[in-house]
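What follows is the residue order along each chain.
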Amino acid sequence: MANETILVVDDEADILELVKVTLEKEKYHVVCSASGEKALEIAVSQPPDIIVLDLMLPGIDGLDVTRKLKNNTATADIPIIMLTAKGEESDVITGLELGADDYVTKPFSPKVLNARIRSVLRRKQAGAGGIVDDTKAISMHGITITPTKHTVEADSKKINLTPSEFDILLLLLKHPGLVFTRWQIVDAIRGENYAVTDRSVDVQISGLRKKLGACGTCIETVRGVGYRLKE
């Protein structure tokens, strides 16, 4: 890894510099922007491998930036890690619904930020044909998922999932009938001790069901426990 290009967007100069120095120590190529407008220009003209995006920006805020990026086919596949302040859970949920991949709460540890970036880049690499364990397509309940191609079809129609939605669906399809708690889902797709709320997992499941359409009913809620795929 390393040598990837990371676009960092934050209007606070000290935080921008801190993130820049931290990531350059890890051999990443860092491009900085202090505004959402400039970030959108850079993302289109020089697409980065990943974006670290502050939500609280003047003018076009981070959520609007995320929305515009995910609605543009040229930038829709660029992973986004949100930088948020404490108490912004509603914004985090909205960001995840829009397609952001992860978030880090300020004040943050540089080590945690690095770990999150590496995790997201690994998932992106796997989805682009990197090394993955799964080699065969899995079909069930009208859904077909091909891990090595990172493709999903529901009722023979191709659908686009965020990396997190894809990982959750793959987990459930590989273990039909098995109930997973929210925290087990988090641990399985993003590693142990991952800081996330129960609500964000619910948001991912809700978005997954909507995109799967009629096939989404195969994902069952087990009240008070978690989620499972029908056997």
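The structure we're discussing is the one just above.
These lines cover the structure that appears in this document, whether it is placed above or below. (Residues numbered from 1 in each chain as written. Predicted model: local features only at pLDDT ≥ 70, side-chain atom pairs only at ≥ 80, totals over all residues. Heavy atoms only, no water.)

1. Re the sheet that holds strand β2 (residues 29–33)
Next up, step 1: The five strands are arranged β2-β1-β3-β4-β5 in an open sheet whose pairing can be described as parallel. Whereas interior strands pair on both sides, the edge strands pair on one side only; in this sheet they are β2 and β5 (102–106). Ignoring which end each strand starts from, the neighbouring axes of this sheet average 20 degrees apart.
Next up, step 2: Most of the contacts of helix α1 (residues 13–25) go to β2, to which it runs at about 170 degrees, and overall it touches β1 (5–9), β2 and β5.
Next up, step 3: Along the sheet face, helix α4 (residues 89–98) touches β4 (80–85) and β5 and points at about 170 degrees away from the line of β4. (Pairing = 2+ DSSP bridges. Helix = DSSP H or I, 4+ residues; strand = E, 2+ residues; numbered from the N terminus. Axes fitted to C-alpha atoms, helices over the stretch in contact; angles between N-to-C directions. Contact = heavy atoms within 4.5 Å.)

2. Section: the packing of helix α2 (residues 36–45) against helix α3 (residues 62–70)
Next up, step 1: Remark: α2 packs on α3, axes separated minimally by 10 Å, with the N-to-C direction vectors making an angle of 20 degrees. Classed by the angle they form, the pair α2 and α3 counts as roughly parallel. The element α2 and its partner α3 pack so that their crossing is right-handed. Between α2, through G36, L40 and A43, and α3, the contact on the second element is made entirely by V65, K68 and L69.
Next up, step 2: Each residue belonging to the contact of α2 with α3 can be placed in one class, and the counts come to four nonpolar, one polar and one charged. (Parallel < 35°, antiparallel > 145°, perpendicular 65-115°, else oblique. Left-handed = near helix turned anticlockwise from the far one by under 90°. Nonpolar A, V, L, I, M, F, W, Y, C, P; charged D, E, K, R; others polar.)

3. Examining the pairing of β1
Next up, step 1: For β1, a buried count of four out of five residues is recorded, marking the element as mostly surrounded by other parts of the structure.
Next up, step 2: Here β1 pairs with β2 via five bridges, running parallel. Residue L7 lies in a different strand from β2, and its bridge partner there is V31.
Next up, step 3: With α1 bridging β1 and the parallel β2, this β-α-β connection has right-handed handedness.
Next up, step 4: In terms of strand pairing, β1 meets strand β3 (residues 50–54) through four bridges, oriented parallel. Its bridge partner being in β3, L7 is matched across the sheet by I51. (Buried < 20%, exposed > 50% of the residue type's maximum accessible area, 1.4 Å probe, protein only. Right-handed = clockwise from strand over helix to strand, strands pointing away.)

4. Things to note about the state of the cysteines
Next up, step 1: Under the defined criterion, the tally for this structure stands at zero disulfides.
Next up, step 2: Here C215 is not disulfide-linked; the sulfur of C218 is the nearest cysteine sulfur, at 6.7 Å.
Next up, step 3: With relative accessibility at 6%, the residue C215 sits in the buried group.
Next up, step 4: Of the residues examined, C218 reaches a relative accessible area of 3% and is grouped as buried. (Disulfide = S-S within 2.5 Å.)

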